[in-house]
Amino acid sequence: MAYTISRRLNFGDCDPSGIAYFPSYLDILVGVYEEFFRAIGFPWPELISERKIGLPTITLDLTFKSPGFHGDMMDFTIKVMRIGTSSVDLEHEVRAGDRLLWTARQRLVATSLETHKACPWPDDMHTALTQHLEKNDAHDSAA
């Protein structure tokens, strides 16, 4: 089940011509998937300070389709495509109205903030992510 949230492209996210400055997209994206984890029951402050779990990105592949402009309301859609032992693959689609701005494929890894190594998903997080999985056969214990 896809998760969608909207964000406005603000002045500080753009270059002097009013077009989105692409590194700003990454900063916005982090906030979007932080909100996704909060929405499924795992706010980052709790993950970090209490559970000592980080979610670093280990792969990120972006494809830009159309420029974003200052003031655009962007709709970010996240799809959970695969869940591994300690990783999750997400697909992102970003639109402004009917314009596809960009897409991304991303892998996050659950990491112990004490050892700085990958750790298995806690059962409650695995269950929550599974509820958003796009395909039922997308579990992969090897990752």
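Use the structure listed above.
Quick notes on the rules
- The residue numbering used here restarts from 1 in each chain and proceeds along that chain's sequence as written.
- pLDDT decides what is reported in this predicted model: residues at 70 or higher carry local features, side-chain atom pairs at 80 or more are listed and counted, and totals for whole chains, interfaces and linings draw on all residues regardless.
- Excluding hydrogens and water, the side-chain values take into account all heavy atoms of the structure.
- Only buried residues count toward a nonpolar core. Its members are Ala, Val, Leu, Ile, Met, Phe, Trp, Tyr and Cys residues joined through side-chain atoms within 4.5 Å.
- When a residue's accessible area, from a 1.4 Å probe over protein chains only, is under 20% of the maximum for its type it is buried; when over 50% it is exposed; and in between it is partly exposed.
- Where helices and strands are cited, they refer to DSSP runs of H or I of at least four residues and of E of at least two residues respectively, numbered from the N terminus.
- By definition in these notes, contact holds between two residues if any of their heavy atoms fall within 4.5 Å.
- Two strands make a pair as long as DSSP finds a minimum of two bridges between them.
- Method remark: on a 1 Å grid restricted to protein atoms, a set of points is classed as a cavity if a 1.4 Å probe fits but cannot get out and as a pocket if it is open with protein on both sides within 12 Å along at least five of seven lines; lining residues have an atom within 4 Å of a point.
- Grid points are joined across faces, edges and corners, and a volume is the space filled by probe spheres set on the points.
- Nonpolar residues are Ala, Val, Leu, Ile, Met, Phe, Trp, Tyr, Cys and Pro. Charged residues are Asp, Glu, Lys and Arg, and all others, Gly as well, are polar.
- What a helix is expected to span follows from its residue count: subtract one and scale by 1.5 Å.
- Side-chain rings of Phe, Tyr and Trp (the six-membered ring for Trp) are treated as a pair once their centres are within 6.5 Å; stacked means planes under 30 degrees apart, edge-to-face means over 60, and tilted covers the remaining angles.

Asks: Would you mind going over the nonpolar core in detail, with residue names and values included?
Replies: Counting residues in each nonpolar core, the largest one holds 38 residues, and the members touching the most others are Phe 37 and Phe 76. Top element by residues in this core is helix α1 (residues 22-39). It accounts for seven residues. Residues within four places of Phe 76 in sequence aside, it is in contact with Tyr 3, Thr 4, Ile 5, Arg 7, Ile 28, Leu 29, Val 32, Glu 93, Val 94 and Trp 102.

Asks: Tell me what's going on with the pairing of strand β6 (residues 99-109), and back it up with residues and numbers.
Replies: As paired strands, strand β3 (residues 57-64) and β6 are joined by seven bridges and run antiparallel to one another. Along β6, the bridge assignment pairs Thr 59 with Arg 107. In terms of strand pairing, strand β5 (residues 87-96) meets β6 through 10 bridges, oriented antiparallel. If you follow Glu 91 over to β6, its bridge partner there is Arg 105. Counted along the chain from β5 to the antiparallel partner β6, the turn is two residues long, and its residue Gly 97 has a positive phi close to 65°.

Asks: Give me unusual backbone geometry: which residues, what numbers.
Replies: Notably, Lys 52 is not glycine yet its phi reads approximately 60°, a positive angle. Judged by its relative accessible area of 34%, Lys 52 falls in the partly exposed class. You will see that His 116, though not glycine, has its phi angle at about 60°, which is positive. Counting through the fold element by element, His 116 comes out in the loop between β7 (111-112) and α3 (123-130). The exposure class of His 116 is exposed, given its relative accessible area of 60%.

Asks: If you had to explain the layout of surface pockets to someone new, which residues and values would you point to?
Replies: Each pocket or cavity is described by its volume, and for the largest pocket that value is around 180 Å³. Along the walls of the largest pocket sit Asp 61, Thr 63, Thr 77, Lys 79, Glu 91, His 92, Glu 93, Thr 103, Ala 104 and Arg 105, which together make up its complete lining. Mapped onto the lining of the largest pocket, the elements with two or more residues apiece are β3, β4 (73-84), β5 and β6. The class makeup of the residues in the lining of the largest pocket is one nonpolar, four polar and five charged.

Asks: Residues and numbers for α1, please.
Replies: With 18 residues, α1 extends 26 Å between its outermost C-alpha atoms, agreeing within 8% with the 26 Å of an ideal straight helix rising 1.5 Å per residue. All of the buried residues along α1 are Ser 24, Tyr 25, Ile 28, Leu 29, Val 32, Tyr 33, Phe 36 and Phe 37. With its phi angle positive at about 105°, Gly 41 sits one or two positions after the end of α1.

Asks: Requested: an account of the packing of aromatic side chains, with residues and values cited.
Replies: For the structure shown, the criterion picks out nine aromatic pairs. In this structure an aromatic cluster arises from ring pairing among Tyr 21, Phe 22, Tyr 25, Phe 64, Phe 76 and Trp 102.

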